Amino acid sequence: MKPLAELLKEAEGLHGKLCPGQVIGVRMAVVGCREIGISEPQQDRRLRVWAEIDRCATDAIQAVTGCKLGRRTLKFFDYGKMAATFLNTEAGRAVRVVARDDARELAGRYAPRVKDKQEAQLAAYLAMPESELFLVHPVAIALSPYDEPGHPLKRVRCQSCGEGVNDDREVYQDGRTLCRPCALGGYYRLLGPGEEAAASTEEGPAQRGVLRDE
Ligand SMILES: [Zn+2]
Ligand SMILES: [Zn+2]
């Protein structure tokens, strides 16, 4: 791996700014890759990452690992947790790295003289030992062929909305093949004739998901 300062520069480039989340994400990716024996950013498809939050740190993880959602080497599970799992498919080894909940309080000890809260956090997350920032657990991952990079293995048509569904994401319900939003409810609702777009006035998952940045 490149030196931390260089990795942070790359993360800043992708994310648009250097924030405490970039430091957490970069260090998380460094720990994760090291623990599964990966020393270089992704050149092939050997490394897979599962991110559990749609916040700053996930951009940093992408920058360091080279794993991408569109290449199917990065998966996103919306758990709302500052955590990610790193898998070396060749070695069959995976670890889940979780940012410790008490890292925020511990951070106060590392930059007591920095007045600005964000800057203090950033300095602290750079200085804190790994063991105070993260918990690391070996994990097993059930890999489905439908999740692999490469061409889709399967495509069906939803019998309700008519849209195509790739790679076994369909649901079988009462003898019908349905897409997930038709079967389980989705994040959107088609507007009726004359209805105004009303994204912000309805309480739904899309609105509850993002309340503040950092
Ligand atoms: Zn950020
Ligand atoms: Zn459908």
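Please refer to the structure higher up on the page.
Residues numbered from 1 in each chain as written. Chains lettered and ligands numbered in written order. Predicted model: local features only at pLDDT ≥ 70, side-chain atom pairs only at ≥ 80, totals over all residues.

### So, the pairing of strand 4 (residues 93–99)
Successive side chains on a regular strand alternate, one facing one side of the sheet and the next facing the other. Our working rule: Exposed residues have 12 or fewer other C-beta atoms within 10 Å of their own C-beta, buried residues have 20 or more, and partly exposed residues fall in between, where C-beta atoms are placed from the backbone. Comment: elements are numbered from the N terminus, with helices defined as DSSP H or I runs of at least four residues and strands as E runs of at least two. Criterion used throughout: strands pair if DSSP finds at least two bridges between them.
Burial within strand 4 is extensive, with five of its seven residues counted as buried. Note: strand 3 (residues 83–88) against strand 4, six bridges, orientation antiparallel. Residue pairing for strand 4: Ala 84 is matched across the bridge by Val 97. Joining the antiparallel neighbours strand 3 and strand 4 is a turn of four residues, in which Gly 92 adopts a positive phi near 65°.

### Focus on the environment of Tyr 146
Our working definition: Contact definition: two residues whose C-beta atoms, as placed from backbone geometry, lie within 7 Å.
Turning to its location among the elements, Tyr 146 is positioned in the loop between strand 5 (134–138) and strand 6 (155–157). Classification of Tyr 146 as exposed rests on a count of 12 C-beta atoms within 10 Å. In the structure, Tyr 146 is positioned 20 residues away from Asn 166 in sequence and 8.7 Å away in space, judged by C-alpha atoms. Every residue in contact with Tyr 146, bar those within four places of it in the chain, is listed here: Leu 153, Lys 154, Asp 167 and Asp 168.

### A short note on the pairing of strand 1 (residues 47–51)
What counts here: Handedness of a crossover is defined as follows: orient the strands so they point away from the viewer, and if the path from the first strand over the helix to the second runs clockwise, the crossover is right-handed.
When you tally the buried positions in strand 1, you get five out of five residues, the bulk of the element. Residues of strand 1 alternate between two faces, with Leu 47, Val 49 and Ala 51 on one and Arg 48 and Trp 50 on the opposite face, all of them buried. Traced from strand 1 through helix 3 (residues 56–65) to strand 2 (residues 74–76), the parallel crossover comes out right-handed.

### Some remarks on the sheet that holds strand 3
Let me state the cut-off plainly: Between N-to-C directions, angles cover 0 to 180 degrees, with each direction set by a line fitted to C-alpha atoms, over the stretch in contact for helices.
Strand order in the open sheet formed by five strands is 2-1-3-4-5, and the pairing between neighbours is mixed. Among the strands making up the open sheet, the edge pair consists of strand 2 and strand 5. Taken pair by pair, the neighbouring strands of this sheet meet at an average axis angle of 20°, ignoring direction. Both strand 4 and strand 5 contribute to a ladder of five bridges, which runs antiparallel. Opposite Arg 96, over in strand 5, you have His 137 as the bridge partner. Packed onto the sheet, helix 2 (residues 20–35) meets strand 3, strand 4 and strand 5 and runs at close to 155° relative to strand 4. Contacts from helix 3 reach strand 1, strand 2 and strand 3 within the one sheet, and its direction differs from that of strand 1 by about 175°.

By themselves, these figures tell us nothing about what the structure is for.
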